[in-house]
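Listed here are the chains, written in short residue letters.
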Amino acid sequence: MSSPDRSSPDGASSGGRLLRYVDALCEAFAQEMRRDDSVFLFGLDVDDHKAIQGSTRGLLAEFGAERVFTTPLSEDAMTGVAIGAAMAGMRPIHTHIRMDFLLLCMNQLVNIAAKAHYMYGGAVKVPLVVRSMIGKSWGQGAQHSQALHSMFMHVPGLKVVAPSNAHDAKGCMIAAVRDDNPVIVMEHRLLYPTEAEVPEAPYEVKPGKARIVAPGDDVTVVGISNMVLECLRARELLAEVGISAEVIDPIWLSPLDIDTIARSAARTGRLLVADNGWTACGAGAEIVAQVLERTGDARIAVRRIGFEPTTCPPSPPLEARFYPNPGTVASTVHAMLRPAAAPWQPDPERTRLAHQIQFRGPF
Amino acid sequence: MHVKEPANDLVARLYRQLRLIRTLEEEVARVYPTDRIKSPVHLSIGQEFVSVAVCDVLRPDDHVSITYRGHAAYIAKGGDLDAMVAEMYGKAAGCAGGRGGSMHLVDMAAGVIGASAVVGTSIPVATGFALAARRRAGGSVVVCFLGDGATEEGCFAESLNFAALHRLPILFVCENNGYAIHEPLAKRWATDRLVERVATYGIPAQRIDSGDLFELRERAAEAVAAMRDGGGPAFLEVTCYRWYEHVGPNRDYDQGYRPESELAPWAETDQVARLAALLPAGERERIDAEVDRRVAAAFAFAEESPFPDPEELHDHVFA
């Protein structure tokens, strides 16, 4: 399977090999569990024959049922159990096959995990990893297509990461496991089959550092999670009409590397954030606000795009309209740069979502 | 009841703990109207015997999870008294550095793993400590104190199921004082057959409604001993009574939601007075004097301790 970005985000010197996102995650778990006996992985279905789409494959055989086990359908209490085990010195990786189930965990995540270190005056730590996957596309519908990262970005004490490629999936996961704080990892089902250069040795993609994925001079485009890939495709379309876009992947949403984004936006004078969530009170709103506060430059033109403000439908033509795509990114940028020109829409055949082109159901 | 006559040194030890908790909380109630304690306090006066009985059978390496009405269990498990009072004053030397207050007492060195103001949330967290304890296989156990209101939360059922499934070394102790804030059991439970509900998870469950500290201590000792041998979780429902208001320093029988006649039988069988009467007068007076000195010292420490530096507001957001 081809990918829009087959090269290592860290450049050519990584000494890795092409690995799928899902296999990079699995490699991260295995390496961290070998390194540290206190790491364990649990969650509904992590030990079944499908192994969370393969992301936990082989772990049960290597590490046993004490360290790789399923749970009752009790997301609230299981989150508390993970928090308690973490406070007691273990390093749990709590896995959810869909992000939507995190809503059942909000009480524990917001009231306990995020606050325990603070409200106990530093006496305890919560080195907890919460894996969650966006189910987006192929008719997943209202309750399996949501991206809820902005809800967690709102809360001090939680870290939030949304790796967009296999290299970062492994490096961010290893960083999350080693972090002494609760980390919400937002994975993306449509990214699971994508490949990138991934080093074999363990490495960390540490919190709080964004990456300029592709340079440009006319506009700064920030993509979140899978939208990084769509923004890169939009960048190609824009190049054909003479517009140079810089694409930035924030990688970690909390803590957020606003300096890298602000520097770029101050230079290009334009900032578009393409989220894979709703825009209201969203990550895009936060990034735009922080950039304007940081630079103090009211001349920077800003725009947000994301999910349409409605519930995600399963019907293909409705679903296609629901998500931003390379065409919506490109035409929005075009309108920012050339407000007097006629609106421009790239060829629709070239604006379909990258992974909708490749992805085939059923899951 | 089949409890043998307690030895004098046991009575002395238990009385000292009871008296310490009672005296400290009475002092909290006395100081509270001065507004020097900057934290909502939920007094356990009348319920102290539950924590004292159960914690007496624990080892230092065992853990207890307490509730926002957790002063008694914090002290009974050996939590630092100076740090406790300083925490209520919001002082830097508080057990949570002034970040927790009365409802979030913690002392990891003593095995007090903290409390939550959101009812029931500490039940699964305590269960997670039990999971870690089982993995370490050192024979240590966790005691999870909870109130009757917490048994209505979903995570209570979820945690019981998980603890039973994995045979975790955790003793759930429900202090059933009959009220959640001001709502009596009759408005919250269709039946009072709590231990039957718990038993269906495969957890041995007993109700102790005698208010007898020694009976409770024996039942707790049996449960903990079985647990250390890999016996899995157990559950004790202990009937008790909250003498003071839900939150604050007053008795609130004038508020109309509960009659003072409910208090009478509990006041008559008050375990602090009962144990005091079991001790020789001289020994009791020696303990009382020591406790009074200790409590006075803790309040003096809190009064004299400095507040945290405002510059430290952002400390401890991340580890």
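Residues numbered from 1 in each chain as written. Chains lettered and ligands numbered in written order. Predicted model: local features only at pLDDT ≥ 70, side-chain atom pairs only at ≥ 80, totals over all residues. Heavy atoms only, no water.

## Description of the side chain of Gln47 of chain B
Residue and element names in this part refer to chain B. Inspection of the secondary structure assignment puts Gln47 in the loop between helix H1 (8-31) and helix H2 (48-55). Polar side-chain contacts of Gln47 include one of 2.9 Å to the side chain of Glu175. Here Asn177 takes part through its side chain, which lies 2.8 Å from a polar atom of the side chain of Gln47. Among all residues touching Gln47, those that are not within four sequence positions of it are Arg69, Glu175, Asn177, Cys240, Tyr241 and Arg242. (Helix = DSSP H or I, 4+ residues; strand = E, 2+ residues; numbered from the N terminus. Polar contact = N/O pair within 3.5 Å; in protein donor to acceptor, adjacent residues only side chain to side chain. Contact = heavy atoms within 4.5 Å.)

## So, the sheet that holds strand S7 (residues 234-239) of chain B
Residues and elements named next belong to chain B. Read across the sheet, five strands follow the order S1-S2-S3-S7-S6 without closing on themselves; strand pairing throughout is parallel. Where the open sheet ends on each side, the last strands, each with one partner, are strand S1 (63-65) and strand S6 (205-208). Between one strand axis and the next, the sheet turns through 15° on average, direction left out of account. Running at roughly 170° to S7, helix H8 (residues 213-228) makes contact with strand S3 (170-176), S6 and S7 of the sheet. (Pairing = 2+ DSSP bridges. Axes fitted to C-alpha atoms, helices over the stretch in contact; angles between N-to-C directions.)

## Side note on the confidence of the model for chain B
The pLDDT averaged across chain B works out to 96; a share of 99% of its residues lies at or above 70. Scoring of the predicted complex yields 0.93 for pTM and 0.93 for ipTM. (pLDDT = per-residue confidence, 0-100.)

## A short note on the sheet that holds strand S11 (residues 245-249) of chain A
Residues and elements named next belong to chain A. Strands sit in the order S9-S11-S10-S13-S14 across an open sheet of five strands; the sheet is mixed. The strands lining the two open edges of the sheet, one partner per strand, are strand S9 (211-214) and strand S14 (301-307). Between one strand and the next, the sheet's axes are offset by a mean angle of 25°, whatever the strand orientation. With four bridges joining them, strand S10 (residues 219-223) and S11 adopt parallel strand pairing. Within the sheet, the bridge partner assigned to Val219 lies in S11 and is Ala245.

## A short note on the packing of aromatic side chains
Applying the stated rule across the entire model yields eleven aromatic pairs over all chains. Ring geometry for Phe42 of chain A versus Phe69 of chain A: centroids 5.4 Å apart, planes at 40°, classification tilted. Taken as a pair, Phe42 of chain A in strand S2 (residues 39-42) and Phe69 of chain A in strand S3 (residues 68-69) lie far apart in primary sequence, 27 residues in all. Given the relative accessible area of 0%, Phe42 of chain A is considered buried. Between Phe307 of chain A and Phe322 of chain A, the ring centres sit 4.8 Å apart and the planes meet at 40°, which makes this aromatic pair tilted. Here Phe307 of chain A is found in strand S14, whereas its partner Phe322 of chain A is found in helix H11 (residues 316-322), with 15 residues between them in sequence. The residues Phe307 of chain A and Phe322 of chain A share a single accessibility class, namely buried. Chaining the aromatic ring pairs together yields one cluster made of Trp278, Phe307, Phe322 and Tyr323 of chain A. The cationic tip of Lys91 of chain B hangs over the ring face of Phe307 of chain B; the distance from NZ or CZ to the ring centre is 4.9 Å. Lying across the ring of Tyr118 of chain A, Arg99 of chain B places its NZ or CZ 6.0 Å from the centre. (Phe/Tyr/Trp six-rings, centres within 6.5 Å; stacked < 30°, edge-to-face > 60°. Buried < 20%, exposed > 50% of the residue type's maximum accessible area, 1.4 Å probe, protein only. Lys NZ or Arg CZ within 6 Å of the ring centre and 35° of its normal.)

## With respect to the domain arrangement of chain A
All names here are of chain A. Domain boundaries assigned for chain A yield domain 1 (20-199) and domain 2 (211-358). Its C-alpha centre places domain 1 at a distance of 27 Å from the equivalent point of domain 2. With 31 residues of domain 1 at the contact, the number on the domain 2 side is 30 residues. Here domain 1 meets domain 2 over a buried area of about 2400 Å², counting both sides, of which 62% is carbon and sulfur. Of all residues in domain 1, Lys136, Met153 and Ser164 give up the largest surface area on contact with domain 2, accounting jointly for 22% of the area buried on that side. There are one salt bridge connecting domain 1 and domain 2. The salt bridge involving Asp168 is made with Arg211; its shortest N-O contact spans 2.8 Å. Our count for the contact surface shared by domain 1 and domain 2 stands at nine residue pairs in polar contact (both at pLDDT 80 or more). For the side of domain 1 that touches domain 2, the secondary structure elements donating two or more residues are helix H6 (149-153), strand S6 (159-161), helix H7 (166-178) and strand S7 (183-188). (Domains from an automatic or database assignment. Buried area = accessible area lost by both parts, 1.4 Å probe. Salt bridge = Lys/Arg side-chain N within 4 Å of Asp/Glu carboxyl O.)

## As for the state of the cysteines
In the structure shown here, the tally under the stated rule is zero disulfides over all chains. Note on Cys281 of chain A: no disulfide assigned, nearest cysteine sulfur contributed by Cys312 of chain A at a separation of 20 Å. Residue classification places Cys281 of chain A among the exposed residues on the basis of a relative accessible area of 74%. Here Cys155 of chain B stays unpaired: no disulfide links it, and the sulfur of Cys144 of chain B, its closest cysteine neighbor, is 9.1 Å away. According to the relative accessible area criterion, Cys155 of chain B is buried, its value standing at 3%. (Disulfide = S-S within 2.5 Å.)

## So, the interface of chain B and chain A
Taken together, the 37 residues of chain B in the interface contact 40 residues of chain A. Across the chain B to chain A interface the summed buried area is about 3100 Å²; carbon plus sulfur atoms make up 66%. Per-residue buried area on chain B facing chain A is highest for Arg135, Phe318 and Ala319 of chain B; these three make up 21% of the total on that side. Applying the counting criterion to the chain B and chain A interface returns two salt bridges. In this structure, Arg134 of chain B engages Glu66 of chain A in a salt bridge whose closest nitrogen and oxygen atoms are separated by 3.2 Å. In this assembly, chain B and chain A are joined by eleven residue pairs in polar contact (both at pLDDT 80 or more). Ranked by residue count, the leading element in the side of chain B that touches chain A is helix H5 (residues 122-136) of chain B, at ten residues. By residue class, the composition of the side of chain B that touches chain A is 20 nonpolar, eleven polar and six charged. (Nonpolar A, V, L, I, M, F, W, Y, C, P; charged D, E, K, R; others polar.)

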